[in-house]
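# Chain and residue survey
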Amino acid sequence: MQGEMEDKCGIVGIHSKDDSKDVASLIYYCLYALQHRGQESAGIASFNPTIGLNHYCGMGLITDVFSNERIQSLPGHMAIGHVRYSTTGQSKLENSQPFVTDFGDGFIAMAHNGDIVNSGELRQELIDEGFYFKSDSDSEVICYMLKKEHYDNDKNVIDSIEAVCKKLVGSYALTILVDGELYGVRDPMGIKPLAVAKRDDDFVLASETVAFDVINAEYIRDIVPGEIIYFENDEINSHMLESAGKCKLSHCMFEYVYFARPDSTIDGINVYETRMNIGKQLHELYPIDADVVIPVPDSSIPAAIGYSRASGIPYGEGLIKNRYVGRTFIMPTQEERELAVRLKLNPIKKAIKGKKIILIDDSIVRGTTSKQLLDLVKEAEPAEIHFLVGCPPVIAPCYYGVAMATKKELIAANYSIEEIQEQLNIDSLGYITLPALVKAIGMPEENLCMGCLNEDYPTEIPEGLEAETYYKP
Ligand code: AMP
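Please read these numbers as outputs of a predicted model, since none were measured by experiment.

Moving on, we come to the side chain of asparagine 113. Locating asparagine 113 in the fold gives a position in strand 6 (residues 106–116). We classify asparagine 113 as buried; its relative accessible area is 0%. Side-chain polar atoms of asparagine 113 contact the backbone oxygen of cysteine 9, separated by 3.3 Å.

This is the structure we're talking about:
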């Protein structure tokens, strides 16, 4: 069975009590700050009491999709937004979000970050009842389920969300705009992040706190796992799902390792500090004698600084990243793929030649990037290469939205560390250990989801569910 669309994305929502105000431009800036969470498509839905709901989605980066005119065409004091991440799955406009459909006398718009592992089954139930699907996305499934609860069982929005969440297995952080009200929902395991902030009299919901910083909103708190929040009487109102507090917390460790921006704080833990700690832990595990500690830019910079500070070995740049190379272009031939790597990263030969280097990367997933990267580094003729990795060996797929890869593609699922070191042809290879990573994050191990590292998944995984691979040239 083919897996449903995986959605490792960024979501936003803004609620203003002033209905003469337009908030789409603020959503745009928030999405801009969350662009690292998805580059495949972007979309905004807004609500204005006289005009109703408007929305626009397009393929590409937020700046490609939204011109000033487009933003002006999205009036309203409430809005939600979404940036979608690219996987090797279907890349098409219909899968872009927010997803919008009719709801009672009005409309519902939803932005979803996560992956519903039983959505195949839930989708089939809806199809059997006559629902017609436009996309492969889980958001469409959730929207129709809400619609069904609302129509068939005459439930209000909160009760409909509660009833639907009971049936969902998997990860979900949602921003929902319905009948001129904004709701934020976080799954009871807290797999995906979602936080709330205030900007003057407006409330802002976002996947990461960096979105608050850019629009000068003041972080209030993270949404509690299993919580629905909505805004009434200038207050944050909260409804806890029945399942809240009854299941194991399972915050995704990969947000801290790679995915989130270092200037974000998730569930009270600063991502930059965690990555510095990862560097410190790597030093405790592998106290190597070297001339320089070099990060693979950008995501490994804090870990390299952490290693450097802990060891006293100077930190140095050795690879320069071209920031203008997008992630979403396909290179059909091997030659072109190699060229793409060179376009993206170039070694500073002078900084590497003749030196014993410690190279730090955030993770090895399929191993293709590391091989190409190390080939480039070797051309600069270092005396020794010690490669340290800030994530323990990824041995299993993620079914909750981080499209890692299938098991047969994951290098650490198929080879031992010694074999990988041999394949990479380097002087040493060291992965952070699971306990050291837990220490670096600083959260109890039982509150983290580390399914891709230990196959201990927080939910049942339906038989035959296939994992997706992320796309990267
Ligand atoms: P590879 O081993 O070739 O799959 O590439 C691993 C590198 O890709 C890591 O160092 C990260 O920088 C990045 N990466 C890891 N996981 C993901 C993911 N799920 N989506 C996008 N990039 C990723």
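Now that the structure has been shown, we can carry on.
A separate point is a negative patch on the surface. On the surface, Glu335, Glu336, Glu338 and Asp375 cluster together to form a negatively charged patch. Element by element, the count of residues in the negative patch is highest for helix 11 (residues 334–344), at three residues. Looking at the element boundaries, glutamate 338 is found in helix 11. We classify glutamate 338 as partly exposed; its relative accessible area is 41%.

The grouping of Tyr29, Tyr32 and Val214 at the surface amounts to a nonpolar patch, some 310 Å² of accessible area in total. Tracing the chain through its elements places tyrosine 29 in helix 1 (residues 24–33).

Time to look at the packing of helix 9 (residues 271–285) against helix 16 (residues 434–441). At a minimum axis distance of 8 Å, the contact between helix 9 and helix 16 shows a crossing angle of 145°. Read as a crossing pair, helix 9 and helix 16 show a hand that is right-handed. Across the interface between the two elements, Thr274, Asn277, Ile278, Gln281 and Leu285 of helix 9 pack against Ala436, Leu437, Lys439, Ala440 and Ile441 of helix 16. Classifying every residue of the contact of helix 9 with helix 16 by side-chain character gives six nonpolar, three polar and one charged.

Let us now look at the domain arrangement of the protein. Segmenting the protein into domains produces domain 1 (6–250) and domain 2 (271–443). Between the C-alpha centres of domain 1 and domain 2 there is a distance of 34 Å.

Glancing now at the packing of helix 9 against helix 10 (residues 301–311). Axis separation between helix 9 and helix 10 bottoms out at 6 Å; the angle between their running directions is 50°. The pairing of helix 9 with helix 10 is recorded here as oblique in orientation. Viewed along their axes, helix 9 and helix 10 form a crossing whose handedness is right-handed. Here helix 9 contributes Tyr272, Arg275, Met276, Ile278, Gly279, Lys280, Leu282 and His283 to the contact with helix 10, which in turn contributes Pro302, Ala303, Ile305, Gly306, Tyr307, Arg309, Ala310 and Ser311. Class assignment for the residues of the contact of helix 9 with helix 10 results in nine nonpolar, four polar and three charged.

Okay, unusual backbone geometry next. A cis geometry characterises the amide bond from glutamine 97 onward to proline 98, with omega recorded as 5°. Relative to the helices and strands, proline 98 resides in the loop between strand 4 (78–84) and strand 5 (99–103). Along the chain, proline 297 connects to aspartate 298 via a cis peptide bond; the corresponding omega equals -5°. Within the secondary structure, aspartate 298 sits in the loop between strand 17 (292–295) and helix 10. Phi at asparagine 233 takes a positive value of approximately 50°, unusual for a residue other than glycine.

Moving on: the state of the cysteines. Evaluated as defined, the whole model comprises zero disulfides. Sulfur of cysteine 9: no disulfide; nearest cysteine sulfur belongs to cysteine 57 and is 12 Å away. Judged by relative accessible area, which is 0%, cysteine 9 ranks as buried. With no disulfide partner, cysteine 165 has as its closest neighbouring cysteine sulfur the one in cysteine 247, 11 Å distant. Its relative accessible area of 7% is what places cysteine 165 among the buried residues.

So, about the pattern of salt bridges. Using the criterion set out here, one finds 23 salt bridges in the structure. One salt bridge in this structure joins lysine 17 and aspartate 201, with 3.8 Å as the shortest N-O distance. Of this pair, lysine 17 sits in the loop between strand 1 (10–15) and helix 1 while aspartate 201 sits in the loop between strand 9 (195–199) and strand 10 (202–206), and the two are 184 residues apart along the sequence. Residue classification places aspartate 201 among the partly exposed positions, given a relative accessible area of 37%. For the salt bridge of glutamate 381 with lysine 353, the shortest nitrogen-to-oxygen distance reads 3.5 Å. Of this pair, glutamate 381 sits in the loop between helix 13 (368–379) and strand 21 (384–389) while lysine 353 is found in the loop between helix 12 (349–352) and strand 20 (356–361), placing the two residues 28 residues apart along the sequence. Here the salt bridges share partners, and the residues they tie into one network are Lys17, Lys198, Asp201 and Asp234.

Definitions and cut-offs
Residues numbered from 1 in each chain as written. Predicted model: local features only at pLDDT ≥ 70, side-chain atom pairs only at ≥ 80, totals over all residues. Heavy atoms only, no water. Helix = DSSP H or I, 4+ residues; strand = E, 2+ residues; numbered from the N terminus. Buried < 20%, exposed > 50% of the residue type's maximum accessible area, 1.4 Å probe, protein only. Polar contact = N/O pair within 3.5 Å; in protein donor to acceptor, adjacent residues only side chain to side chain. Patch = residues over 30% accessible without salt bridge, like charges linked within 9 Å, V, L, I, M, F, W, Y side chains within 5 Å. Areas by Shrake-Rupley, 256 points an atom, 1.4 Å probe, with all protein chains shown as cover. Salt bridge = Lys/Arg side-chain N within 4 Å of Asp/Glu carboxyl O. Lys, Arg positive; Asp, Glu negative; His and termini not counted. Charge placed at Lys NZ, Arg CZ, Asp CG, Glu CD. Axes fitted to C-alpha atoms, helices over the stretch in contact; angles between N-to-C directions. Left-handed = near helix turned anticlockwise from the far one by under 90°. Contact = heavy atoms within 4.5 Å. Nonpolar A, V, L, I, M, F, W, Y, C, P; charged D, E, K, R; others polar. Domains from an automatic or database assignment. Parallel < 35°, antiparallel > 145°, perpendicular 65-115°, else oblique. Disulfide = S-S within 2.5 Å.

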